[in-house]
Amino acid sequence: MKAVTWQGKRDVRVEDVPDPRIEEPTDAVIRVTSSGLCGSDLHLYEVLTPFMTPGDILGHEPMGIVEEVGAEVTGLRPGDRVVVPFQIACGHCYMCGTGLPTQCETTQVTGEGMGAPLFGYTRLYGAVPGGQAEYLRVPQAQFGPIKVPEGPADDRFVYLSDVLPTAWQAVEYAAVPQGGSLAVLGLGPIGDMACRIARLKGVETVFGVDLVPERLERARARGVETFDLRSFDNEKELVAAVQDRTGGRGPDAVIDAVGTEAHGGAVAKLVQQAAAVMPRAIGSPLAERFSVDRLAALYTAIDLVRRGGTISLSGVYGGMADPMPMLTMFDKQIQLRMGQANVRRWSDEIVPHLTDEDPLGVDGFATHRVPLANAPQAYEMFQKKRDGAVKVLMKP
């Protein structure tokens, strides 16, 4: 089959790889019909290269048609249309039972000290072949795949794999009080969808911060008050502008939807880039023990949120030696919630909103739809924010 493979920093290729097959009785194999290109994939393209191996198959936002199921998969049959969550979890352990499938005790990558494995996302998360491919083996298929109806285009449902539950959890974790305000830093796919979900849930005042004109316009069109980073000389001016709109206090909650590759942080960027180009035997241990993130967005969130407010982190961070302003966080009594999205925890709440009325705008959410063969160009376009690219779907 054809699949998108990682070959090195800023080097992805579409190659012929062996077809997946049933390996465990809880497996399924699906024929992929759509697969998203996620901002997290760009971390592999640029920053997290020490944890990758040439030939790794990328992608963690797939949906498709069931081709084959293992003997212990009773809820699926060939021909079913399914969305595959980005994490792999059993559904019956203690952690899954508490709504934390990202911490599944059956599938945890214990050798790396990490939680549940993720499709197409480094050896830290199991080095599981990903979904930017023609076919995908789905472990723990008795729990993971979400069956969806025939009829609507894939765009209606594919974001159940990651974008929708990640943004939904970000808003839930933000815990905006009745009549309160929320600021979202970064209006890429997750930040954009978080704004939409916040509005759907009745958050009266939503601020969006970015520097890409197309992203700002998309948010404004859905009732978000936007702030263009390019209009401010520094972070303090941005913070003051948002505080002016919130009685001088700052918003009740802030969602950081940017993560480790935030603009700014020249020293951290240098460390990331150095680790990315070192030989694997050196760069990987360096990244594991001493890695730092570019924390500009998180620092802004800490300064921006009101005293006693909440910061919800949905942007991916991977640093092990990040300097944090603990005095400020302690003094302001900031509550901080974070983590990979627990897809099946939220999916049943989200599906009822995926209707013809389309309150979240999923049917038109993608800005680009490209053949799988054009994946290398799509990665470059998305990373460089060219051609108005906000969300890219690939079609095998």
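Residues numbered from 1 in each chain as written. Predicted model: local features only at pLDDT ≥ 70, side-chain atom pairs only at ≥ 80, totals over all residues. Heavy atoms only, no water.

The name an unreviewed UniProt entry gives the chain is Zinc-dependent alcohol dehydrogenase, with Streptomyces ardesiacus as the organism. For the chain, the Cofactor (unreviewed entry) comment in UniProt is given as "Zn(2+)". The heading Sequence similarities (unreviewed entry) in the UniProt record of the chain holds the text "Belongs to the zinc-containing alcohol dehydrogenase family." (UniProt positions renumbered as here; feature names shortened; annotations may be inferred.)

Draft legend 1. Region of interest: the overall build of the chain. Secondary structure summary: the chain contains twelve helices and 15 strands in total. Rg of the C-alpha trace for the chain: 20 Å, near the compact-globule value of 21 Å for 396 residues, within the 12% margin. With the C-alpha coordinates of the chain rotated into their principal frame, the extents come out at 60 × 50 × 45 Å. Accessible surface, the chain: about 16300 Å² in total, of which carbon and sulfur atoms supply 51%. For the chain, the separation between the mean place of its 39 positive charges and that of its 50 negative charges on side chains is 3 Å. (Helix = DSSP H or I, 4+ residues; strand = E, 2+ residues; numbered from the N terminus. Rg over C-alpha atoms; globule rule 2.2 N^0.38 Å. Areas by Shrake-Rupley, 256 points an atom, 1.4 Å probe, with all protein chains shown as cover. Lys, Arg positive; Asp, Glu negative; His and termini not counted. Charge placed at Lys NZ, Arg CZ, Asp CG, Glu CD.)

Draft legend 2. Molecular detail of helix α4 (residues 189-200). An ideal rise of 1.5 Å per residue puts 16 Å on twelve residues; α4 measures up with 16 Å between its terminal C-alpha atoms. Counting buried positions along α4 gives ten out of twelve residues, so the element sits mostly inside the fold. Of all the residues in α4, the buried ones are Pro189, Ile190, Gly191, Asp192, Met193, Ala194, Cys195, Arg196, Ile197 and Ala198. Tucked inside the fold, the buried residues of α4 contact α3 (163-174), β8 (181-185), β9 (205-210), α5 (213-220), β11 (253-256) and α12 (375-383). Downstream of α4 by a residue or two, Gly202 has a phi angle that is positive, lying close to 95°. (Expected span 1.5 Å × (residues − 1). Buried < 20%, exposed > 50% of the residue type's maximum accessible area, 1.4 Å probe, protein only. Contact = heavy atoms within 4.5 Å.)

Draft legend 3. Structural context of the packing of aromatic side chains. A full pass over the atoms with the stated rule returns five aromatic pairs. Ring geometry for Tyr121 and Tyr125: centres 6.5 Å apart, planes at 55°, overall tilted. Tyr125 carries the same exposure label as Tyr121, and that label is buried. Each residue in the set Phe207, Phe227 and Phe232 is aromatic and connected to the rest through ring pairs, giving one cluster. Taking the ring centre of Tyr173 as reference, the NZ or CZ of Arg337 above it sits at 3.7 Å. One Lys or Arg, Arg344, reaches over the ring of Phe143 and ends 5.4 Å from the middle of that ring. (Phe/Tyr/Trp six-rings, centres within 6.5 Å; stacked < 30°, edge-to-face > 60°. Lys NZ or Arg CZ within 6 Å of the ring centre and 35° of its normal.)

Draft legend 4. Up close: the nonpolar core. Tyr159, Leu160, Leu164, Leu182, Met193, Ile255 and Tyr379 are the most contacted members of the largest nonpolar core, which totals 72 residues. The element that contributes the greatest number of residues to this core is α3, accounting for eight residues. Those residues in contact with Leu182 that lie beyond four places of it in its chain are Ala174, Val176, Ala198, Val203, Thr205, Val206, Phe207, Pro251, Ala253, Val254 and Ile255. Residues Phe227, Val239, Ala301 and Met329 belong to the second largest nonpolar core, which totals 21 residues. (Core = buried A, V, L, I, M, F, W, Y, C linked by side-chain atoms within 4.5 Å.)

Draft legend 5. Region of interest: the sheet that holds strand β12 (residues 310-313). Strand order in the open sheet formed by six strands is β10-β9-β8-β11-β12-β13, and the pairing between neighbours is parallel. One side of each edge strand has no neighbouring strand; the edge strands of this open sheet are β10 (225-228) and β13 (335-338). Averaged over all neighbouring strand pairs, the angle between strand axes comes to 20°, with direction disregarded. Pairing between β8 and β11: four bridges, direction parallel. Bridge assignment links Leu185 to a residue of β11, and that residue is Asp256. Where α3 meets the sheet, it contacts β8, β11, β12 and β13, and its direction lies at approximately 165° from that of β12. Running at roughly 165° to β10, α5 makes contact with β9 and β10 of the sheet. (Pairing = 2+ DSSP bridges. Axes fitted to C-alpha atoms, helices over the stretch in contact; angles between N-to-C directions.)

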